[in-house]
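# Commentary on secondary and tertiary structure
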Amino acid sequence: MVPVPDSSPDAVPTTEPLTVAALETERHVAASGWDQNPRVFALVDTAALVAAEPALADSLDGAADRAPGALTAIEQEDLPRTSSLESLLGRMAWPETVHGAAVAVERVVIPPGAERDLPEDPAEAVDALARHPQREDVRLLVAVHRDGRSVCLLRQRAHDQNDRVATGEDIAPGLVHALRATLED
């Protein structure tokens, strides 16, 4: 994992469309604070979206939004309530006009080995996690493209700053796999 560059003048901006879309989406989610339900986004080709909706051209921020292959995230609202993100993703499928998908989800992590002390009852385990002295609250944003590319972003509540977000391709391999499955024919 590496920190994602911030938007300071001396930072080197990324131009890879999937990464740009993931960063913009993660910051959009972060603006709403913590303790959110999972959020799902369709990633569509920005040029095709603007061609279909010309009024959106004025909302494009800069060169990254106008670059070839640029992606725009469209939040999927009114998703069914479920206790299992995997179950929700397992019921989703996207039309061909959607080039990728992203999901933002909050999780609690504890140090390796600490899980062996958790109770076997799921409800009791959740309570024990909530009280664990070394727990870390994190938010994952996973974005995948139909061509197989993926990017994962991880924000810790304890270090809740845009320049402290970590990025990598395999931070959450299970979530990457589940999200990719929503794009399969």
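Before any of the text, the structure's been laid out above.
Residues numbered from 1 in each chain as written. Predicted model: local features only at pLDDT ≥ 70, side-chain atom pairs only at ≥ 80, totals over all residues. Heavy atoms only, no water.

So, about the nonpolar core. By size, the foremost hydrophobic cluster in this structure holds 26 residues, and its most contacted members are Leu 85, Leu 89, Trp 94, Val 103, Val 142, Leu 175 and Leu 179. Residue assignment for this core shows that the elements contributing at least two residues are strand 2 (39-45), helix 4 (85-90), strand 4 (98-109), strand 5 (136-145), strand 6 (150-156) and helix 6 (173-181). Here Trp 94 is in contact with Val 40, Phe 41, Ala 42, Gln 76, Ala 101, Arg 146, Thr 182 and Leu 183, once residues within four sequence places are set aside. Grouped together as the second largest cluster of nonpolar side chains are 15 residues, Ala 21, Leu 23, Val 29 and Phe 41 included. (Core = buried A, V, L, I, M, F, W, Y, C linked by side-chain atoms within 4.5 Å. Buried < 20%, exposed > 50% of the residue type's maximum accessible area, 1.4 Å probe, protein only. Helix = DSSP H or I, 4+ residues; strand = E, 2+ residues; numbered from the N terminus. Contact = heavy atoms within 4.5 Å.)

On to the environment of Leu 88. With respect to the helices and strands, Leu 88 occurs in helix 4. Residue classification places Leu 88 among the buried residues on the basis of a relative accessible area of 7%. When the C-alpha atoms of Leu 88 and Gly 174 are compared, they prove to be 14 Å apart, with 86 residues separating the residues in sequence.

For the rest of this paragraph, the subject is the pattern of salt bridges. Scanning the model with the defined rule gives ten salt bridges in all. Arg 155 is paired through a salt bridge with Glu 26; the nearest N and O atoms lie 2.6 Å apart. Here Glu 26 lies in helix 1 (residues 17-30) and Arg 155 lies in strand 6, a separation of 129 residues in the sequence. On the basis of relative accessible area, Arg 155 is assigned to the buried category, the value being 2%. (Salt bridge = Lys/Arg side-chain N within 4 Å of Asp/Glu carboxyl O.)

Attention now goes to the layout of surface pockets. Counted as a void, the largest pocket has a volume near 460 Å³. Forming the boundary of the largest pocket are 21 residues, of which Asn 37, Pro 38, Pro 80, Arg 81 and Thr 82 lie nearest the centre. Contributing elements (two or more residues each) for the lining of the largest pocket: strand 2, helix 4 and strand 4. By residue class, the composition of the lining of the largest pocket is seven nonpolar, six polar and eight charged. Estimates place the volume of the second largest pocket at around 380 Å³. Of all the secondary-structure elements, those providing two or more residues to the lining of the second largest pocket are helix 1, helix 2 (46-52) and strand 3 (71-75). Partitioned by chemical class, the residues of the lining of the second largest pocket number eight nonpolar, five polar and four charged. (1 Å grid on protein atoms, 1.4 Å probe; cavity = no way out; pocket = protein on both sides within 12 Å on 5 of 7 lines; lining within 4 Å. Points joined across faces, edges and corners; volume = space filled by probe spheres on them. Nonpolar A, V, L, I, M, F, W, Y, C, P; charged D, E, K, R; others polar.)

Once that is clear, we can look at the packing of aromatic side chains. Summed over the entire model, instances satisfying the criterion amount to zero aromatic pairs. The ring of Trp 34 carries Arg 139 above its face, with NZ or CZ at 4.2 Å from the centroid. (Phe/Tyr/Trp six-rings, centres within 6.5 Å; stacked < 30°, edge-to-face > 60°. Lys NZ or Arg CZ within 6 Å of the ring centre and 35° of its normal.)

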